[in-house]
Amino acid sequence: MSLKLALIGCGGMGLRHTLGYIELRKYFDSFDLVAVCDINESPANHIADEVENATGKRPRVFTDVSKMFDEAKPDAVDIVTDTRMHHSFAIQAFEAGASVITEKPMGLTLKACRMMKESAERNGKKLSIGEQYRRDPMNRLTKALIDAGAIGQPYFGVKFALGGGSGLMHDTGWRALKSRAGSIILEQGVHESDLLLYFLGPVESVFAQTALFTKTRERQPVNATLAKFYQHRVEQDFADQKTVEIDQEDTAFGVIRFESGAIGQFTLTNASHGHSVGVSTVHGSKGTVLLPPSRSGQGPKVMLEGRSDPLSGEELLALVPEWELDEITSTLWDGETRMASYDYPFELTDRKLVAVELQELAVAIETGAKLEVDADVGMQGLALPYGVLESGISGLPVLIKDVIDGTVETYQDEINIEVGI
């Protein structure tokens, strides 16, 4: 019997999660999407139409979350609203007897995250965080290679993401506001911080410099790859403005120390005008791995000392003879268990990664299995970019454990007051 699932938030990410649900239904009968909810009825109806056209069954449309819980009585909810609302809807779900998967970042602040974790535990429900990048088969292979010693002992990791320019991220108004998004460093960086933690383990400390360089942002169309997901949304804020003033840091240069002793460079900005720079590497005692672009199907490139060309796909797989994809991912990748690359368009890969997350949650609800990206992992992923921001305003190194437990939260204090927690 399928578990009853409800979707809260019917914008761009709401559509992407809906397509993930539709993809899931091709392989697993674990969830039945019974309800969709958004404060605006038109995008909710758009999502319901998509589900009905694909599955023959139309979920009920709600514009009030409390009414949805009372009438639909879901077993689980998928939260894809702006970050400010994650904790409120998650806690309401737990108290209504539902488990939760929420898009990243887990919550708007670490205090919000701690509230979510406490509520999930008190009510005996599951809480999963939607970190899709690590679930990409190519990142699974990369993790296996690093763990197997393909590049020797990891020394340091580098993440440079310098881009952006004058535009607003995804042309989304709420991302301009510190009280709704925290910072571009969170929205852009939490994926990357989760991957660094996935590959290199927990972070001990961070020291950073941060700034807001491009305060005035132009409303620009979403890029062609993502535009199809966002055309139906109704935006409450800044819809008629040609420019938007952001009130949060758009640039962070951070140096991190992992508990293993490895060092990392964590540098993000969406204020780089005219030229973009992207570097994602892990360097070890025997070589370097160039991390694969997530959701591209491209495999990692391993460069070994004394060799001028990267290892071939066959050579990579030979280094990890025991490695296989987990059963859920393998099923969604049409039965493939080992691969050094794959050839799917972005939209299909995006669907499949959401489907992996949904199926993992279904299994955890049914069997009690531990989730891979649970509250603790989600908080660690958020604590790194927040550690960067906290260090940026204090001018001092910050311990990540202090960010997680709330000892250090000066940057977040203003946000917590604004949202009333």
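Here goes a summary of the coordinates provided. Please read these numbers as outputs of a predicted model, since none were measured by experiment. (Residues numbered from 1 in each chain as written. Predicted model: local features only at pLDDT ≥ 70, side-chain atom pairs only at ≥ 80, totals over all residues. Heavy atoms only, no water.)

A few words on the packing of helix 5 (residues 110-123) against helix 13 (residues 375-394). In contact at an axis separation of 10 Å, helix 5 and helix 13 are set at 175° when each is read in the N-to-C sense. As far as their axial angle goes, helix 13 and helix 5 are roughly antiparallel. Facing Leu110, Cys113, Arg114 and Lys117 of helix 5, the residues of helix 13 in contact are Ala375, Asp376, Met379, Leu382, Ala383 and Tyr386. Its residues assigned to classes, the contact of helix 5 with helix 13 shows 7 nonpolar, no polar and 3 charged. (Axes fitted to C-alpha atoms, helices over the stretch in contact; angles between N-to-C directions. Helix = DSSP H or I, 4+ residues; strand = E, 2+ residues; numbered from the N terminus. Parallel < 35°, antiparallel > 145°, perpendicular 65-115°, else oblique. Contact = heavy atoms within 4.5 Å. Nonpolar A, V, L, I, M, F, W, Y, C, P; charged D, E, K, R; others polar.)

Take the side chain of Ser183 next. Residue placement: Ser183 occurs in the loop between helix 7 (178-181) and helix 8 (184-200). A distance of 2.9 Å separates a polar side-chain atom of Ser183 from the backbone nitrogen of Ile185. Only 3.1 Å separates the side chain of Ser183 from the backbone oxygen of Glu249, close enough to count as a polar contact. Excluding residues within four positions of it along the chain, Ser183 makes contact with Gln248, Glu249, Leu389 and Tyr411. (Polar contact = N/O pair within 3.5 Å; in protein donor to acceptor, adjacent residues only side chain to side chain.)

What follows concerns the pairing of strand 12 (residues 263-269). Here strand 12 lies mainly inside the structure; 5 of its 7 residues are buried. Hairpin connection from strand 11 (residues 251-258) to strand 12: 4 residues lie between these consecutive antiparallel strands, with Gly261 at a positive phi of about 105°. (Buried < 20%, exposed > 50% of the residue type's maximum accessible area, 1.4 Å probe, protein only. Pairing = 2+ DSSP bridges.)

The next thing to look at is the sheet that holds strand 3 (residues 60-62). Strands sit in the order 3-2-1-4-5-6 across an open sheet of 6 strands; the sheet is parallel. A single partner strand is all that each edge strand has here, and the edge strands are strand 3 and strand 6 (127-130). Direction aside, the axes of adjacent strands within the sheet are offset by 25° on average. Bridge analysis of strand 5 (residues 99-103) against strand 6 gives 4 bridges, and the strand direction is parallel. Residue pairing in the sheet places Val100 in a bridge with Leu127 of strand 6. Lying on the sheet, helix 1 (residues 12-25) is in contact with strand 1 (3-8), strand 2 (31-37), strand 4 (76-79) and strand 5; it crosses strand 2 at an angle near 160°.

Attention now moves to the sheet that holds strand 12. Within a beta sheet, neighbouring strands are joined by backbone hydrogen bonds and run either parallel or antiparallel to one another. If you trace the 8 strands from one edge of the open sheet to the other, you get 15-14-13-7-12-11-8-16, paired in mixed fashion. Where the open sheet ends on each side, the last strands, each with one partner, are strand 15 (301-304) and strand 16 (398-399). On top of the sheet, helix 13 reaches strand 8 (203-211), strand 11, strand 12 and strand 16; it is set at about 55° to strand 8, its chief contact.

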